[in-house]
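The primary structure of each chain is shown beneath.
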Amino acid sequence: MIAARQPVQRSPRAKLGVVKANGEILHLPRTALVDVLNRGDLVVANDAATLPASLAGGHVPTGAPIEVRLAGRHTLTEAHCFTAIVFGAGDFRTRTEDRPPPPPLTAGDAIVLGSLTARIERVLDHPRCVLIRFEGAAAAIWEGLARSGKPIQYAHLAMPLALWDVWTAIAGPPVSFEPPSAGFALDWRMLARMQAKGIVFATLTHAAGISSTGDAVLDARLPFDEPYRIPLATAVAIRRGRRAGRRIVAVGTTVVRALEHAGRFGDVNAGEGIADQRIGPDTRLHVVDAILSGTHEPGTSHYELLRAFTDDATLERVSEELDARGYLTHEFGDSVLLESRKQVSWARERTAVSPAEESQRSATLEKLIS
Amino acid sequence: MNALHSNAEWKPAPRIAVTGGTSGLGLALVREFRHRGANVAFVARDRARVERVAQDTGAAGIVGNIARKEDIHPLAIQIAGRLGGLDVLVNNASSLGPVPLKLLADTECEDLELALETNLLGPFRLTKALLGSLAAAAREGRSAVVVNISSDAARNPYPTWGAYGASKAALEHMTRIWDEELAAEGVRFVAVDPGDMDTPLHALAVPDADPATLKRPELSAREIAELVESGQRSPRRKPDTSTIAAAEPSSQ
């Protein structure tokens, strides 16, 4: 597929491929998204704003220039400690695959990144991948990141990205390292149209990690563990939707990962968690019925996740059609709404909760929280 | 100061951001909101003054210039990041345009641009960058509101107040349109005329005014805080609570 080279979130020419549960494929303009959603559907999006996670600086022991890309965190509120991928000299104009490695990194090494100083806490299981800890107060770290960081850049784009290019319209908590780009499809008019049609919109916050490191060994480990938070109102809406047999439509792979992690033992509860699972062809989806996603190429962790929704033959047919019709791929590309064909047979089972059982569950939960 | 008592009234404590928070009405607002137990962040240009006010009030001080496009997202990151979300945004930072004030015909284009950048584009950009946080707060049943500080110069054609008056008139009208458009999202927008106050901005505009005839900014701050507080008691978007108890967090 052709990469989208312009950082335009909502191109008037954006396409939407709709893959029905029966395998039928429709091709529409993306503005028709609301038309293909049903009254009563619950659309859940990731409202994480994207941090300027690329920091240029130097490795103090050797004086070598480095670029640090923050790539993961353990909690949404963490300000000091991050998993990071370190590159040697150069910038985004060089494909990550061709970037030189950093100087040898050792625990305790100081690195200077703009106004910030950090130390390497640990080298993880790869010479580019480290745990770093910023020094100083949280306020100074927020300021240093906000002022000297740049959004992680992509060599396939013609122009460097500014923060406003990578924030979705609904961006709120600044916790992601790369944009939850399926959400680029959303704007406020679309949300108003959803509301008018009786489609419920809800959000969660999921700290989307780095999508690609340019290193095959590291990429095979993606996605890293990602913390998420599900607000109470969203948990309520999901519970209600599932009881009523309504569809849960996830905007992006991060939402699938968060909801399936939170719902792995049954109901989706409000609160924070860390999504550490991989989603692939053998994953049984418990919560999500359909995903709005960018187009993804076989072999990526995003494509693997799509295999949980439908069979490989359908995905191959989808890829062929998208190619033939000139769909654009990557962050600023076109979209696909993929209905789960695997979910259908389970839908009945999960709504088959008797009223007595329901009130018993509620009572138990209320006891737990009081 | 009785922050504990106030906290009990505002539960959970609202997260409030004020621009232009180191002098005049902005400083009075930071103090008033802190006094009422809110979590407050404020923005201003001068680092030394930001640090002093942060130390005095316990509010999160953030250095930046809302009239600069490049500062907006870094400010939004620090506001949303340090407060953990946002319920109330007060766009208070203002520019008079030319100082001393001039007839419009004598006003340099650059002075008009500065007034528009500070009084109109800055609030627009910052609101847009923080709208995701405000709408998320509304979806969670919290009261989300944007307060835009205006002036009677927005309505009355006072000679020599052209750059300021025109920019504030545009801000007021933008406030009304935001309010219409985002009603369904549950985010309120309100423009407030705090009156002629004894502030550094007023002293620049009218150097020979008798301070005794001017309103104390602390009084205006109290009125605005009361407006915000009454909004906190009645969110525009009611959360659907009938099954909320069943979805309270358990350990993940």
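The structure presented is a predicted model; accordingly, all values stated were derived computationally and were not measured. (Residues numbered from 1 in each chain as written. Chains lettered and ligands numbered in written order. Predicted model: local features only at pLDDT ≥ 70, side-chain atom pairs only at ≥ 80, totals over all residues.)

(A) Representation of the environment of A:Leu315 in the model. Looking at where A:Leu315 falls in the secondary structure, it is placed in helix α9 (residues 312-324). Once you skip the residues sitting within four places of it in the chain, A:Leu315 turns out to touch A:Leu306, A:Arg307 and A:Thr310. (Helix = DSSP H or I, 4+ residues; strand = E, 2+ residues; numbered from the N terminus. Contact = placed C-beta atoms within 7 Å.)

(B) Layout of the nonpolar core. Ranked by internal contacts, the top residues of the largest apolar core, which has 161 residues, are A:Val44 and B:Leu134. Of the residues forming this core, the biggest block, ten residues, is contributed by helix α5 (residues 109-139) of chain B. Of the domains in this structure, domain 1 (2-50 + 160-360) and domain 2 (54-148) of chain A are the two that each give at least three residues to this core. Among all residues touching A:Val44, those that are not within four sequence positions of it are A:Ala202, A:Thr203, A:Leu204, A:Thr234, A:Ile248, A:Ala250, A:Val251, A:Val255 and A:Leu259. (Core = buried A, V, L, I, M, F, W, Y, C linked by C-beta atoms within 7 Å. Buried ≥ 20, exposed ≤ 12 C-beta atoms within 10 Å, placed from the backbone. Domains from an automatic or database assignment.)

(C) Structural detail: the sheet that holds strand β15 (residues 248-251) of chain A. All names here are of chain A. If you trace the nine strands from one edge of the open sheet to the other, you get β3-β2-β19-β17-β15-β4-β13-β14-β16, paired in mixed fashion. Here the strands that pair on one side only, and so sit at the sheet edges, are β3 (25-29) and β16 (271-275). Pairs of neighbouring strands in the sheet enclose a mean axial angle of 25°, with direction left out of account. Strand direction decides the pairing type here: strand β13 (residues 200-206) and strand β14 (residues 226-230), joined by two bridges, are antiparallel. When the sheet's bridge partners are listed, threonine 205 is paired in β14 with arginine 229. Strand contacts of α9: β2 (15-19), β3 and β19 (335-339), with the helix running at about 155° to β2, the strand carrying the most contacts. (Pairing = 2+ DSSP bridges. Axes fitted to C-alpha atoms, helices over the stretch in contact; angles between N-to-C directions.)

(D) Highlighting the pairing of β19(A). Residues and elements named next belong to chain A. Counting buried positions along β19 gives five out of five residues, so the element sits mostly inside the fold. When β2 meets β19, the two strands line up parallel, connected through four bridges. Its bridge partner being in β19, valine 18 is matched across the sheet by leucine 337. The pairing of strand β17 (residues 290-294) with β19 spans five bridges and is antiparallel. Each residue of the ladder has a partner; that of glycine 294, found in β19, is serine 335.

(E) Seen up close, the packing of helix α2 (residues 24-35) of chain B against helix α8 (residues 217-233) of chain B. Residue and element names in this part refer to chain B. Contact geometry of α2 with α8 gives a least axis separation of 8 Å together with a crossing angle of 55°. Comparing the axis directions of α2 and α8 gives the class oblique. In this structure, the crossing between α2 and α8 has a hand that is right-handed. For the pair formed by α2 and α8, the contact residues are Gly24, Leu25, Ala28, Leu29, Glu32 and Phe33 on the first element and Pro217, Glu218, Ser220, Ala221, Arg222, Ile224 and Ala225 on the second. Among the residues making up the contact of α2 with α8, the classes are represented as eight nonpolar, two polar and three charged. (Parallel < 35°, antiparallel > 145°, perpendicular 65-115°, else oblique. Left-handed = near helix turned anticlockwise from the far one by under 90°. Nonpolar A, V, L, I, M, F, W, Y, C, P; charged D, E, K, R; others polar.)

(F) The arrangement of the domain arrangement of chain A in detail. Residue and element names in this part refer to chain A. Taken domain by domain, chain A comprises domain 1 (2-50 + 160-360) and domain 2 (54-148). Its C-alpha centre places domain 1 at a distance of 30 Å from the equivalent point of domain 2. Each side of the interface is counted separately: domain 1 has 19 residues, and domain 2 has 18 residues. Contributing elements (two or more residues each) for the side of domain 1 that touches domain 2: α5 (216-219) and β14.

(G) Examining unusual backbone geometry more closely. The amide bond that connects A:Leu222 to the next residue, A:Pro223, takes the cis arrangement and shows omega of -5°. Tracing the backbone through its elements, the reader meets A:Pro223 in the loop between α5 and β14. Residue B:Pro100 is reached from B:Val99 by a cis peptide bond, and omega for that bond is -5°. Take B:Pro100: it is sitting in the loop between β4 (88-91) and α5. The phi angle at A:His330 is positive, at roughly 75°, despite the residue not being glycine. The residue A:His330 is located in the loop between β18 (328-329) and β19 in this model. The phi torsion at B:Thr160 lies on the positive side, around 75°, for a residue other than glycine. Assignment of secondary structure puts B:Thr160 in the loop between β5 (144-149) and α6 (162-181). Look at B:Thr160 and you get buried, because 20 C-beta atoms sit within 10 Å.

(H) Here's a closer look at helix α4 (residues 69-83) of chain B. Residue and element names in this part refer to chain B. Here α4 contains 15 residues, and its C-alpha end-to-end distance of 22 Å stays within 8% of the 21 Å for a straight helix at 1.5 Å per residue. Within α4, 13 of the 15 residues are buried, which leaves the element mostly enclosed by the surrounding structure. Positioned one or two residues after α4, glycine 84 has a phi angle of 70°, which is positive. (Expected span 1.5 Å × (residues − 1).)

(I) Layout of the confidence of the model for chain A. Residue and element names in this part refer to chain A. On average, residues of chain A score 90 in pLDDT, and 92% of them are at 70 or above. Note on residues 344-353: pLDDT under 50 across the span, and seven contacts to partners over four residues away in sequence or across chains. In this model, residues 364-370 is a region of pLDDT below 50 whose contacts with residues beyond four sequence positions or in other chains number six contacts. (pLDDT = per-residue confidence, 0-100.)

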